[in-house]
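A closer look at the structure
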Amino acid sequence: DKVIRVVPESERETQILRAAFNRLKVDLWQPSSPFHIVEGAVADVRVPRNTTRSLLPFLQQANIQYTILISDLQQAIENQTGGRSHRNRRSLSGYNYEVYHSLEEIEDWMHSLNRTYSDLVHMFSVGKSYEGRPLYVLKLGKRSRPYKKAVWIDCGIHAREWIGPAFCQWFVKEALQTYQADPDMRKMLTQLYFYIMPVFNVDGYHFSWTHDRFWRKTRSKNMRFHCHGVDANRNWKVKWCDEGASLHPCDDTYCGPFPESEPEVKAVAHFLRKHRKQIKAYLSFHAYAQMLLYPYSYKYATIPNFNCVESAAYNAVNALQSAYGIRYRYGPASSTLYVSSGSSMDWAYKNGIPYAFAFELRDTGHFGFLLPETLIKPTCTETMLAVKNITLHLLKKCH
């Protein structure tokens, strides 16, 4: 299998690519569906070995330029998660934040934190997944007063985006390790609660470790089509199944049979609705594209508190860049990335959470979903600066 990049240079090329990718049922890495392929924008595609033989000559015939990003995907997967034996699973002190962890390891880690840091961490479940797994959330913060504002952070809505859960774990580690020494962190944990969900799509994430590294959706069954899963970021009750989502159960952007059809989405939506007065920010972590996005996703329009959100995004992106010079684009999701309906970020915003952001973490396509473990630390370090920046912005009233 290979991953190739194509940038259509005309409307003709755009149409040819849309049709070809639809017909061949390739795995589009970016954008998320053939519908979003537009002139002048990159399309990254995973091409199975048996399709390579027909697709690449076809592109050459049509005079469409392409570059090969990853020439041997299996090798790249093996490189990404090399020596797996050095795992110290049980003790927190030996937990390695610079490798990717399986669902079991992440859950063990959460239980350990809950036992070790009982003054700052409270672990609970908001429900069960389709396959019956608990949906764990960590509540982080000093129990300093009965009512505190809160920030919600989730990672891993899309199973194959492993850098997301790695960041959620990193955030918790940083909060607990720097709480004493860093006045900003102390302020954050004293004045706010953080609800952190390291793996939103637990079934899909587990499946991406055991069966298909590039699985995106949940794992619910569709009886009629024998296809599994719904895109958990198209399943929310906000302009559900409109532009940028698919009605076909076999597609990667399938919106589901109805809004909140997925138990994972329903459980989180229920929790957020219940705490909407308390939760002031919603942050969701995805990959890849190096972007910081805010509403709306489903339409081209300016949000009412645009100035506050825009300045928070601008400052966050600058803080992020100060670490390693990595540039993030920022702006409304619809115009910065593409139009998509039924997203968690839009839903959070529509439900009264004034600061709603979606991060698209590293990189811009060289490794795509296979970001090497050596890049976990720099990616998380710079992202941490952005998240702290947004959080502190939240504590200073923005008018």
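Described in the following lines is the structure provided in the data block. Within every chain, residues take consecutive numbers counted from 1 along the sequence as written. Given that the model is predicted, a residue must reach a pLDDT of at least 70 before its local features are reported, and side-chain atom pairs must reach 80 or more before they are shown or counted; all residues, however, enter totals for whole chains, interfaces and linings. The side-chain values count all of the structure's non-hydrogen atoms but skip hydrogen atoms and water molecules.

**A few points about the pattern of salt bridges**
Between Lys or Arg on one side and Asp or Glu on the other, a salt bridge is scored when a side-chain nitrogen of the former is within 4 Å of a carboxyl oxygen of the latter. The full count for this structure, using the stated rule, is 13 salt bridges. With a shortest N-O distance of 2.7 Å, glutamate 131 and arginine 133 are connected by a salt bridge. Ionic pairing is found between aspartate 203 and arginine 133, a salt bridge with its closest N-O pair at 2.9 Å. With a gap of 70 residues between them, aspartate 203 in helix α7 (residues 202-210) and arginine 133 in the loop between β5 (121-128) and β6 (134-140) connect regions that are remote in the sequence. Between buried and exposed lies partly exposed: a residue is buried under 20% and exposed over 50% of the maximum accessible area for its type, with that area taken using a 1.4 Å probe on protein chains only. Look at aspartate 203 and you get buried, because its relative accessible area is 1%. Within this structure, Asp1, Asp27, Arg46, Arg160 and Asp252 form a network of salt bridges that share partners. Note on conventions: DSSP H or I runs of at least 4 residues are helices, E runs of at least 2 residues are strands, and numbering of each starts at the N terminus.

**Describing the sheet that holds strand β8 (residues 192-197)**
The sheet built from eight strands is open, its strands ordered β5-β6-β8-β7-β11-β14-β12-β13 with mixed pairing. At either end of the open sheet lies a strand with only one pairing partner, and these are β5 and β13 (329-332). Averaged over all neighbouring strand pairs, the angle between strand axes comes to 20°, with direction disregarded. Across four bridges, the pairing between strand β12 (residues 291-294) and β13 is parallel. Across the sheet, leucine 292 pairs through a bridge with tyrosine 330, a residue of β13. Any pair of residues with heavy atoms lying within 4.5 Å of one another is described as a contacting pair. For every element, the axis is a line fit to its C-alpha atoms; helices are fit only across the contacting stretch, and the angle between N-to-C directions ranges from 0 to 180 degrees. Each of β7 (149-155), β8, β11 (279-287), β12 and β14 (355-361) touches helix α12 (residues 376-395); the most contacted strand, β14, lies at about 170° to it. Each pair of strands is called paired provided DSSP finds at least two bridges between the two strands.

**As for the sheet that holds strand β2 (residues 27-30)**
If you trace the four strands from one edge of the open sheet to the other, you get β2-β3-β1-β4, paired in antiparallel fashion. Only two strands of the sheet have a single partner each, and these edge strands are β2 and β4 (66-70). Across the sheet, the mean angle separating the axes of adjacent strands is 30° when strand polarity is ignored. Relative to β4, strand β1 (residues 2-6) runs antiparallel, the two being bridged by four bridges. Each residue of the ladder has a partner; that of valine 6, found in β4, is tyrosine 66.

Keep in mind that these numbers describe shape and distance, not what the molecule does.
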